[in-house]
Amino acid sequence: MKTERTSTFILNLLGFGTAVSLLGDATLYTVLPHPDISAQLGITLSKVGLLLGANRAVRLVLNGPVGFLYDRMPRRGLLIAALSLGAGSSIFYAAGSGFWPLLMGRILWGLAWSLLWVGGNSVVLDVSTEENRGQNSGMYQMWFFIGVAAASLLGSMLTDIFGFRNGQWISVGVIAATALVWFFLLPETRVHETSGQEDVPKDIDKPGGTRLPWKAMAVISFTIFISRFMAWGVLAATAILWLSDIFGTGVQIASYFIPIASFTGLFTALRNLIGVVSTPLAGAVSDRYGRRWPVIGLAMIIGGLGLGMMSSDIHSLALMGAFFVPVAGSSIEALTPAVAGDRVPKTLRSRALGLINTAGDLGATIGPFAALGAIHSGWLSLGGLYRIGGALFGLVALLALAPLVSRQRKTSATNEDIT
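Residues numbered from 1 in each chain as written. Predicted model: local features only at pLDDT ≥ 70, side-chain atom pairs only at ≥ 80, totals over all residues. Heavy atoms only, no water.

Peer 1: Got a minute to help me understand the overall build of the chain in this structure?
Peer 2: When helices and strands are counted, the chain shows 14 helices and two strands. What you see for the chain is a C-alpha radius of gyration of 22 Å, in line with the 22 Å of a compact globule of 419 residues. Per-residue burial for the chain yields a buried fraction of 52% across its 419 residues. Counted over contacts in the chain with a minimum sequence separation of 6, partners at least 24 positions apart contribute 81%. Here the chain has roughly 18500 Å² of accessible surface; of this, 68% comes from carbon and sulfur atoms. Distance between charge centres in the chain, computed from 29 positive and 22 negative side chains, equals 3 Å. (Helix = DSSP H or I, 4+ residues; strand = E, 2+ residues; numbered from the N terminus. Rg over C-alpha atoms; globule rule 2.2 N^0.38 Å. Buried < 20%, exposed > 50% of the residue type's maximum accessible area, 1.4 Å probe, protein only. Contact = heavy atoms within 4.5 Å. Areas by Shrake-Rupley, 256 points an atom, 1.4 Å probe, with all protein chains shown as cover. Lys, Arg positive; Asp, Glu negative; His and termini not counted. Charge placed at Lys NZ, Arg CZ, Asp CG, Glu CD.)

If you want it as structure tokens, here you go:
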């Protein structure tokens, strides 16, 4: 068993590398929609959306096989290869011109991120126990949110200072250097299992307990599908539209005017900081009380309330609600791997993580198309879209809290029978 110090070292090293890997990808999301940048790369704005979504589409096919691979092979080599592939994808961005070279880079990044995310969460479960699984998962997710915020800001700064292509070459160097650090410092965490009966969760009530608990998997997958559909899909695609309704073309702060596109990037980074705080908190609370789903249910209630506030015509209330919503998404990201660790036998955990993330990536992929299609067709306003999202969060909260309510009713009925 790893010591707590060793586990903390592994989690921080893993989390730092994962955060660094986002540098090239986050830069694309931040600057590629700008007409001047896309023109430099020889692509039209109509193709930008296809490029930005290509990596997620690829992961719909790859997450399952990648999970199977991690259940059969050591983690260390695959993770180092994944980070190296991440550096390789940025080479396509730096040197490529036109749609097809950039698409190859996005496909390569899709493979890299699938290997990184499934493998990283597998390592988290490797070094965790039942008592600290939620906290460790929250720590890893915290690094992810730090990476999204920092990479978006740093990537745009590198682009402004050095130009897009030179900025991407810098990203290549930084990511490759981090892969080298992993090569020397990242240990292997997968322990060879001599029997499929080892580490079977207590509540797997079937002979041998070596099959995936499909009922639990369905609930977990639906939860992360709804979370990413709204957070990574709908809200990410409509943030600039929502802020434009409030602030118009930009924000005047003292003598400085911040255009709405730059302000959207800043606003997104600030919202991601909520995840930096809420992920380890949600994980620690779930460990302390030994219950994941009530924490998920509470987080979804907070997120649903935030979405309802965002649909308000009162701007101060709407802006406040925008900072409630990330509590839901970040908590789901932190606790979903922990739930899988609680429910799935060790020899199948990576496969389970791959399938769960496939559901999440499906939600993230169709979210922007559903949101923008509904708005542009006139079927829904932004407010109506966010209210529907709040209702979906409420549905997940009901699913999450239902077992707790049922358990309390049974306890009350038992007490009444005794008395």
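The rest of the description comes next.
Peer 1: I tried to follow the side chain of Ser 90 on my own but got confused; where do I start?
Peer 2: As for its placement among the helices and strands, Ser 90 is situated in helix 4 (residues 75-95). On the basis of relative accessible area, Ser 90 is assigned to the buried category, the value being 1%. Of the polar contacts made by the side chain of Ser 90, one reaches the side chain of Gln 168; its length is 3.5 Å. Excluding residues that lie within four positions of it along the chain, Ser 90 makes contacts with Gly 24, Gln 168, Ser 171, Val 172 and Ile 175. (Polar contact = N/O pair within 3.5 Å; in protein donor to acceptor, adjacent residues only side chain to side chain.)

Peer 1: Looking at this model, I keep getting lost on the pattern of salt bridges. Mind explaining?
Peer 2: Think of it this way: side chains of opposite charge can pair up when their charged atoms draw near. As enumerated under the stated definition, the model contains nine salt bridges in all. The partner of Arg 75 in a salt bridge is Asp 126, and the shortest N-O contact between them spans 2.7 Å. Of the two residues, Arg 75 sits in helix 4 while Asp 126 sits in helix 5 (residues 99-126), which places them 51 residues apart along the sequence. Overall, the relative accessible area of 5% leaves Arg 75 in the buried class. (Salt bridge = Lys/Arg side-chain N within 4 Å of Asp/Glu carboxyl O.)

Peer 1: I tried to follow helix 7 (residues 164-185) on my own but got confused; where do I start?
Peer 2: Along an α-helix, residues three or four apart share an orientation, since each turn contains 3.6 residues. The end-to-end C-alpha separation of helix 7 is 31 Å, in line with the 32 Å expected for 22 residues at 1.5 Å each. Residues Phe 164, Gly 167, Gln 168, Ser 171, Val 172, Ile 175, Thr 178, Ala 179 and Trp 182 constitute the buried set of helix 7. The arc enclosing the buried residues of helix 7, seen along the axis, measures out at 150 degrees, which places them on a common side. (Expected span 1.5 Å × (residues − 1). Arc of directions from axis to C-beta.)

Peer 1: What should I look at first to understand the environment of Arg 75 in this one?
Peer 2: Spatially, the C-alpha atoms of Arg 75 and Ser 38 are 37 Å apart, while their sequence positions differ by 37 residues. Sequence-distant contacts of Arg 75, defined by excluding residues within four places in its chain, comprise Tyr 70, Ser 122, Val 123, Asp 126, Glu 188, Thr 189, Arg 190 and Ser 350. Of note is the side chain of Arg 75, whose polar atom sits 3.2 Å from the side chain of Ser 350.

Peer 1: What exactly am I supposed to notice about the packing of helix 12 (residues 325-343) against helix 13 (residues 349-376) here?
Peer 2: For any two helices packed against each other, the geometry comes down to the angle between their axes and how far apart the axes lie. Closest axis-to-axis distance for the helix 12/helix 13 pair is 10 Å, and the angle between their directions is 140 degrees. Classified by the interaxial angle, the pair formed by helix 12 and helix 13 is oblique. Between helix 12 and helix 13 the crossing geometry is right-handed. Taken together, the residues of helix 13 that come into contact with helix 12 (itself represented by Thr 336, Pro 337, Ala 340 and Gly 341) are Arg 349, Leu 353 and Ile 356. (Axes fitted to C-alpha atoms, helices over the stretch in contact; angles between N-to-C directions. Parallel < 35°, antiparallel > 145°, perpendicular 65-115°, else oblique. Left-handed = near helix turned anticlockwise from the far one by under 90°.)

Peer 1: What's the story with a nonpolar patch on the surface in this structure? I'm lost.
Peer 2: On the surface, Leu 153, Leu 154, Met 157, Ile 161, Phe 162, Ile 170 and Val 174 cluster together into a nonpolar patch covering about 620 Å² of accessible area. Looking at the nonpolar patch, the elements that each hand over two or more residues are helix 6 (133-162) and helix 7. No other element matches the five residues that helix 6 contributes to the nonpolar patch. Mapped onto the elements, Val 174 comes out in helix 7. (Patch = residues over 30% accessible without salt bridge, like charges linked within 9 Å, V, L, I, M, F, W, Y side chains within 5 Å.)

Peer 1: For this particular structure, what's the right way to read the packing of aromatic side chains?
Peer 2: Two descriptors summarise a pair of aromatic rings, namely the distance from one centre to the other and the angle between the planes of the rings. Under the definition given, this model contains 14 aromatic pairs. Ring plane angle 75 degrees and centroid distance 5.3 Å describe the contact between Phe 144 and Phe 145, whose orientation is recorded as edge-to-face. Side by side, Phe 144 and Phe 145 carry an identical accessibility label, which is buried. Put simply, the rings of Trp 109, Trp 113, Trp 117, Tyr 140, Phe 144, Phe 145 and Trp 232 pair up and form one aromatic cluster. Above the plane of the ring of Phe 183 lies Arg 76, whose end atom (NZ or CZ) is 5.3 Å from the centre. The cationic tip of Arg 228 hangs over the ring face of Trp 232; the distance from NZ or CZ to the ring centre is 4.3 Å. (Phe/Tyr/Trp six-rings, centres within 6.5 Å; stacked < 30°, edge-to-face > 60°. Lys NZ or Arg CZ within 6 Å of the ring centre and 35° of its normal.)

Peer 1: What exactly am I supposed to notice about the pairing of strand 2 (residues 256-259) here?
Peer 2: The two faces of a sheet get side chains in turn, since along a regular strand they alternate between them. Two elements, strand 1 (residues 250-253) and strand 2, share four bridges in a ladder whose sense is antiparallel. In the sheet register, Ile 253 faces strand 2, and the bridge partner there is Tyr 256. The hairpin turn running from strand 1 into strand 2, its antiparallel successor, is two residues long, and Ala 254 in that turn takes a positive phi close to 55 degrees. (Pairing = 2+ DSSP bridges.)

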